[in-house]
Amino acid sequence: MKNPMTDTISRLAIANSLAHWRYSLSTILIMGIGLLSIWMFRGYMLKVGDLYRDHFTVRSMFGEILIEPENADNDDKIGGITGNQQQSLQTFFAQDADSIEAVVRFLKVDGQITFGAENSLFDGLAYDITSGEKIRSEKWSWNAVAGRPLKAPGEIVLGRAMARLLACEFDSEHYLEPSDNGHAYIAKERPFTCGSNEGQVSVVTDKGQIRSQSMKVVGLMDVGFRDLDRTWMMMDIQDGQLLLKTNELSWISLKARGSSVKLLDDVRVYLAEHRLPLVATPWDKHRYTDLYRRTMGLLRVFEVFVLSILSGIVGISVFNLMSKIVSERRREIGLLRSVGFNSRKILRLFLTESIFTSILGLSIGAAASLGFANVANRLGILYKAGILSEPVPFAINPELSLFVSTALILGGVSIIASLTAVRKALRKTVIECLM
Amino acid sequence: MKRFFWLLRLASLNLLRNSKRNLITGIALASSFSGILLFTGYVVWVEKYLRANTVFVNQSGHLLISRPNGLEDQLTKPRTALLKKDEQEKIEAMLKGDADVLAVGKGLQSMMMIIKDCRSRGVIAIGRDEGIDRLSLGQPDVLKWDYELLKPEQIPVLAKFRQVSPKEAAVFPSPILQKFIDRKTSSKQAGCEESANGSLQLLGRTTTGEVAATDGRALGTQSTGLAILDERVIYMPVKDLQTFIETDSVGYYTVYVKSLLALPSVWKRLHEDVKASGLDLQIQPFFSENVGLYYIGSVGFLGTIAAFFVLLVSSVVGLSLFSLFSMSVTERSMEIGLLAALGFPAKIVIWLFEIEAVLLCLLSLGTGLLVAIGLGDLIFKQNIRFSPPGIAGDTHFTIAWEPWVMVVIGLTFLLVSYVSIRIVTVLKLKRSALSLLQDAGTL
């Protein structure tokens with residue numbers, strides 16, 4: 001059932017907002033530009049997070065969960081997930097097949113590669129080619145800047161900075177195209193030469209034995225970080241294990257079909273029940289993604305900072321405007337009180353006005369923000385970001401949840417500022433107000 | 001001038017008359033100004049940290065002289081990429097006597113395996129110039145921003161080591177690689193004897209492609225200051241690295257200038273000298289992508305965020321000021337009408353309001369500046385440790401001040417205030433004196 005008083009207050013509030021349209025316009029503009037600024041800043045940060053997430057989980061094939069030996073650290077050349085442990089894990093993967101989309105096995109390999117007179121040390125990875133392509137999804141299934149991705153054992157791809165060191169020749173332009181989240185490679189085999197394209201790969205096993213194998217370079221890739229790229233190589237898991245004379249693995253990546261949280265819990269329970277000395281870590285907590293965590297941590301500090309400064313300015317401006325409105329409408333307040341409106345109702349009246357102008361301001365700000373984000377995303381402005389080897393696009397992710405939280409913060413600040421200003425006026429007596 | 005002081009006095013009185021509203025406006029201005037200063041202060045610190053790190057700690061110099069692509073090619077094609085003795089003499093002659101040059105250093109890089117017991121790891125060895133190490137210890141920029149990376153104790157340690165073990169190579173691994181060296185041999189590596197503490201073997205290739213091998217000893221850790229480099233870099237004295245790869249050549253020369261302002265002229269002179277000498281050399285500054293990738297990448301990234309932030313805050317501040325000044329001027333419509341009726345030209349009335357706005361802005365900026373400096377000092381004294389992306393380990397959270405950055409931001413605020421008040425007063429003064437006198441001061 002409708003409350004006639006609520007209707008009256010709402011009508012009065014809208015009429016007042018229109019009557020004092022210049023004040024309302026000021027509040028609307030401040031709220032609008034405040035929302036635009038904060039939402040866009042947060043949207044930009046979200047996009048940076050998306051780029052990193054895409055880089056690690058999809059492009060680098062980390063999936064969502066990494067399983068590795070307990071106390072594994074960067075110094076382990078040969079992983080430590082033994083054959084028996086792998087068999088046990090295979091049982092789990094078969095049982096939980098419905099919740100796992102892809103399983104990729106990895107082995108760290110380092111050593112030396114020689115092309116005739118040229119040689120270089122390398123750091124690299126051996127992995128399951130087929131499931132690796134699956135985890136990279138359509139966007140990054142083609143991960144070669146020149147040549148093509150790995151397809152079969154006996155093949156290697158090199159980091160393009162390393163390829164340059166080894167006097168390989170290739171077209172370093174025209175391999176990128178815009179995609180949903182930054183850029184992706186054009187899935188087309190581009191020519192390159194690295195001598196005869198046959199390299200001699202040599203490694204030292206954990207027994208101190210030197211082993212080598214002739215392998216064919218089928219493509220060049222970009223790892224994302226130039227210093228890593230300078231010594232980077234990838235090969236099939238069979239080749240890695242054969243070279244290092246081991247059946248062990250460094251880690252296993254899992255991509256969940258549904259909830260990765262549930263899958264992580266299931267893996268941990270399985271490891272505990274079977275007393276396997278392995279740990280399962282979500283990708284964003286793993287040591288390899290330290291850069292992601294640090295970047296996002298820093299951006300979150302910036303976000304809080306921006307939010308505090310901008311909502312502070314918006315709050316002060318709204319408070320000033322409301323103080324002025326209330327002091328100008330002192331007599332109106334006195335009149336309303338003398339005809340029976342109590343303080344609560346007057347407060348509601350101003351509150352409704354404040355909500356009305358805030359909603360209008362936030363709506364205008366939302367429309368402007370969407371337009372701004374659309375233009376920024378379409379422009380495809382590239383800039384150098386930290387230690388990434390390729391420039392990244394300046395883009396904004398105008399996510400709805402960010403809009404809702406920003407609007408709630410700004411709306412809250414505006415309402416608190418308005419109420420503070422009105423409460424002050426209501427402390428006066430009716431006569432004081434009317435005079 | 002007399003009129004100006006009279007207007008200044010009047011403006012000050014007006015500011016005091018509307019003290020409450022002006023105080024609130026001032027707080028908004030001061031807090032946003034100090035916020036922007038603190039934000040940009042962080043970016044300035046990153047710039048100074050990475051500059052000192054690139055130039056002195058990692059010994060890339062303000063200018064780096066090498067063969068074209070020599071910085072990279074020295075790792076795989078040392079025979080052709082390194083600078084021979086006669087070329088070194090010519091380069092040294094070019095730089096000798098340049099009053100703007102503080103020092104000249106030599107650098108060399110090589111790929112090698114470090115072997116500890118049966119474990120091996122591929123690394124890039126960077127040859128450090130001991131003279132530059134000593135010089136860095138006295139550099140104000142290094143002492144102020146990168147002091148945590150300095151290891152002055154390593155100089156006497158190295159001198160003593162040379163006397164005791166002249167045949168071993170001195171190695172200064174990063175903390176991460178030191179962990180690899182310190183790790184005990186595991187049981188599955190049975191048959192691998194554990195070597196004496198810190199002792200290791202270095203395996204690589206000489207400049208002629210022969211196998212190079214020697215004993216080395218880790219004398220202490222030296223971080224590059226950058227996480228991704230710490231994974232794969234060891235430092236060695238240039239002389240030890242030259243002995244190891246059997247050469248008297250160097251990979252590059254580094255030039256350190258006395259003042260950054262002199263960098264363009266030194267660069268230009270050097271470029272001309274190189275051209276005249278007929279040597280095929282490349283001169284790159286520390287802010288080029290090949291030399292200072294982390295420097296330009298990180299500063300560019302933070303600079304983009306800072307520019308975006310300043311743009312957003314300035315637009316919100318501008319709009320708020322416009323709205324606050326509109327209110328303030330409208331309230332004083334009658335006063336403007338009275339001044340106009342008394343014969344004050346519109347120009348003088350506009351000046352009065354402009355002086356008020358500028359005065360309020362200057363007072364707020366002054367307060368904001370003091371607050372920012374105070375907070376920056378407090379933050380420094382709290383010794384807060386934090387881990388920014390890209391930097392190895394953690395570091396002391398510091399805010400740095402760059403006067404020109406502060407002035408530019410201050411001027412932006414002043415301009416925004418000036419433009420806001422100018423638009424408002426000019427619009428208001430388009431009305432007649434009578435109409436202004438009848439104005440109730442409502443918008």
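Residues numbered from 1 in each chain as written. Chains lettered and ligands numbered in written order. Predicted model: local features only at pLDDT ≥ 70, side-chain atom pairs only at ≥ 80, totals over all residues. Heavy atoms only, no water.

Undergrad: Can you walk me through the domain arrangement of chain B in this structure?
TA: The accessible area lost on association of the parts is a frequent measure of interface size. All names here are of chain B. Here chain B is described as being made up of domain 1 (2-52 + 296-438) and domain 2 (61-288). On the domain 2 side, the residues contacting the 16 residues of domain 1 number 16 residues. Note on domain 1 versus domain 2: buried area summed over both sides is about 1,200 Å², and carbon and sulfur give 60% of it. The salt bridge partner of Arg-51 is Asp-141, with a shortest N-O separation of 3.8 Å. Here domain 1 and domain 2 share 0 residue pairs in polar contact (both at pLDDT 80 or more) between them. Those elements that place two or more of their residues in the side of domain 1 that touches domain 2 are helix H2 (19-57) and strand S11 (395-396). In terms of residue class, the side of domain 1 that touches domain 2 is built from 8 nonpolar, 4 polar and 4 charged. (Domains from an automatic or database assignment. Contact = heavy atoms within 4.5 Å. Buried area = accessible area lost by both parts, 1.4 Å probe. Salt bridge = Lys/Arg side-chain N within 4 Å of Asp/Glu carboxyl O. Polar contact = N/O pair within 3.5 Å; in protein donor to acceptor, adjacent residues only side chain to side chain. Helix = DSSP H or I, 4+ residues; strand = E, 2+ residues; numbered from the N terminus. Nonpolar A, V, L, I, M, F, W, Y, C, P; charged D, E, K, R; others polar.)

Undergrad: I would appreciate a short explanation of the nonpolar core in the present structure.
TA: The nonpolar side chains of a soluble globular protein tend to be buried, and buried together. By size, the foremost hydrophobic cluster in this structure holds 167 residues, and its most contacted members are Phe-41, Tyr-44, Met-234 and Phe-302 of chain A together with Tyr-42 and Ile-65 of chain B. Setting aside residues up to four positions removed in sequence, Phe-302 of chain A forms contacts with Phe-41 and Met-45 of chain A together with Phe-39, Tyr-42, Leu-302 and Ile-305 of chain B. Ranked by size, the runner-up nonpolar core spans 51 residues in total, among them Phe-122, Val-145, Val-201 and Ala-280 of chain A. (Core = buried A, V, L, I, M, F, W, Y, C linked by side-chain atoms within 4.5 Å. Buried < 20%, exposed > 50% of the residue type's maximum accessible area, 1.4 Å probe, protein only.)

Undergrad: How should unusual backbone geometry be read in this particular structure?
TA: Glycine aside, residues mostly have negative phi, and peptide bonds are mostly found in the trans state. All names here are of chain B. Positive phi values are uncommon outside glycine, yet Gln-59 reaches one of about 50 degrees. In this structure, Gln-59 sits in the loop between H2 and strand S1 (63-66). A positive phi angle, close to 50 degrees, is found at Asn-383, a residue other than glycine. Along the chain, the position of Asn-383 falls in the loop between helix H15 (346-381) and strand S10 (385-386).

Undergrad: Mind showing me how you'd approach a nonpolar patch on the surface here?
TA: Residues and elements named next belong to chain B. Taken together, the side chains of Phe-322, Leu-415, Tyr-418, Val-419, Ile-423 and Leu-427 make up a nonpolar region of the molecular surface, amounting to roughly 510 Å² of accessible area. Here the nonpolar patch takes 5 residues from helix H16 (residues 403-428), the largest share from any one element. Within the secondary structure, Val-419 is located in helix H16. Val-419 sits in the partly exposed class, given a relative accessible area of 38%. (Patch = residues over 30% accessible without salt bridge, like charges linked within 9 Å, V, L, I, M, F, W, Y side chains within 5 Å. Areas by Shrake-Rupley, 256 points an atom, 1.4 Å probe, with all protein chains shown as cover.)

Undergrad: Sorry if this is basic, but what is going on with the domain arrangement of chain A here?
TA: Entries for chain A in the domain assignment read domain 1 (4-57 + 293-434) and domain 2 (63-285). Spacing between the C-alpha centres of domain 1 of chain A and domain 2 of chain A amounts to 48 Å.

Undergrad: Would you mind going over the environment of Lys-139 of chain A with me for this structure?
TA: Residues and elements named next belong to chain A. Following the sequence through the fold, Lys-139 ends up in helix H5 (residues 137-140). Each C-alpha atom, one on Lys-139 and one on Thr-281, is 25 Å from the other, the two residues being 142 residues apart in sequence. Among the polar contacts listed, one links the side chain of Lys-139 to the side chain of Asp-54, at a separation of 3.0 Å.

Undergrad: Is there a simple way to think about helix H3 (residues 83-95) of chain A in this case?
TA: One turn of an α-helix holds 3.6 residues; hence residues three or four places apart share an orientation. Residues and elements named next belong to chain A. Here H3 contains 13 residues, and its C-alpha end-to-end distance of 19 Å stays within 8% of the 18 Å for a straight helix at 1.5 Å per residue. Those residues of H3 not exposed but buried are Gln-85, Gln-86, Ser-88, Leu-89, Phe-92 and Phe-93. The arc enclosing the buried residues of H3, seen along the axis, measures out at 160 degrees, which places them on a common side. Pointing more than 90 degrees away from the buried face of H3 are the exposed residues Asn-84, Gln-87, Ala-94 and Gln-95. (Expected span 1.5 Å × (residues − 1). Arc of directions from axis to C-beta.)

Undergrad: When you look at the interface of chain A and chain B in this model, what are you seeing that I'm missing?
TA: The interface of chain A with chain B comprises 66 residues on the first partner and 72 residues on the second. Along the contact surface separating chain A from chain B lie 2 salt bridges. Put simply, Arg-230 of chain A and Glu-72 of chain B hold a salt bridge, and the shortest N to O gap is 3.4 Å. At the surface where chain A touches chain B, the tally comes to 5 residue pairs in polar contact (both at pLDDT 80 or more). When contributions to the side of chain A that touches chain B are tallied by element, the ones reaching two or more residues are helix H2 (21-59), strand S2 (100-115), strand S3 (118-127), helix H6 (160-165), helix H7 (226-229) and helix H10 (290-328) of chain A. With 19 residues, H10 of chain A is the largest single contributor of residues to the side of chain A that touches chain B. Broken down by class, the residue content of the side of chain A that touches chain B amounts to 34 nonpolar, 13 polar and 19 charged.

Undergrad: Before we go on, may I ask you to explain the side chain of Glu-168 of chain B in this structure?
TA: Residues and elements named next belong to chain B. Locating Glu-168 in the fold gives a position in the loop between helix H8 (154-164) and strand S4 (169-173). According to the relative accessible area criterion, Glu-168 is buried, its value standing at 17%. With near-sequence residues (within four places) excluded, Glu-168 lies in contact with Phe-161, Ser-199, Asp-215, Gly-216, Arg-217 and Asp-240.

Undergrad: What should I look at first to understand the packing of aromatic side chains in this one?
TA: Ring pairs (aromatic) are described by centroid distance and by the angle formed between their planes. All names here are of chain A. Evaluation of the coordinates by the stated rule reveals 29 aromatic pairs over all chains. Summarising the aromatic geometry, the rings of Phe-106 and Trp-251 are spaced 4.6 Å apart at their centres and angled 15 degrees between planes, so their arrangement reads as stacked. Taken together, the residues Phe-106 in strand S2 and Trp-251 in strand S13 (residues 251-256) connect sequence positions 145 residues apart. Each member of the pair Phe-106 and Trp-251 is classed as buried. (Phe/Tyr/Trp six-rings, centres within 6.5 Å; stacked < 30°, edge-to-face > 60°.)

Undergrad: What is the right way to read the pairing of S4 of chain B from this model?
TA: Along any regular strand the residues' side chains alternate between the sheet's two faces. All names here are of chain B. The buried fraction of S4 is high, at 5 of 5 residues. Residues Ala-169, Val-171 and Pro-173 of S4 are buried on one face, and the alternating residues Ala-170 and Phe-172, pointing to the opposite face, are buried as well. As judged from the 3 bridges shared by S4 and strand S6 (residues 211-218), these two strands associate in the parallel manner. Bridge pairing links Val-171 to Ala-218 in S6. (Pairing = 2+ DSSP bridges.)

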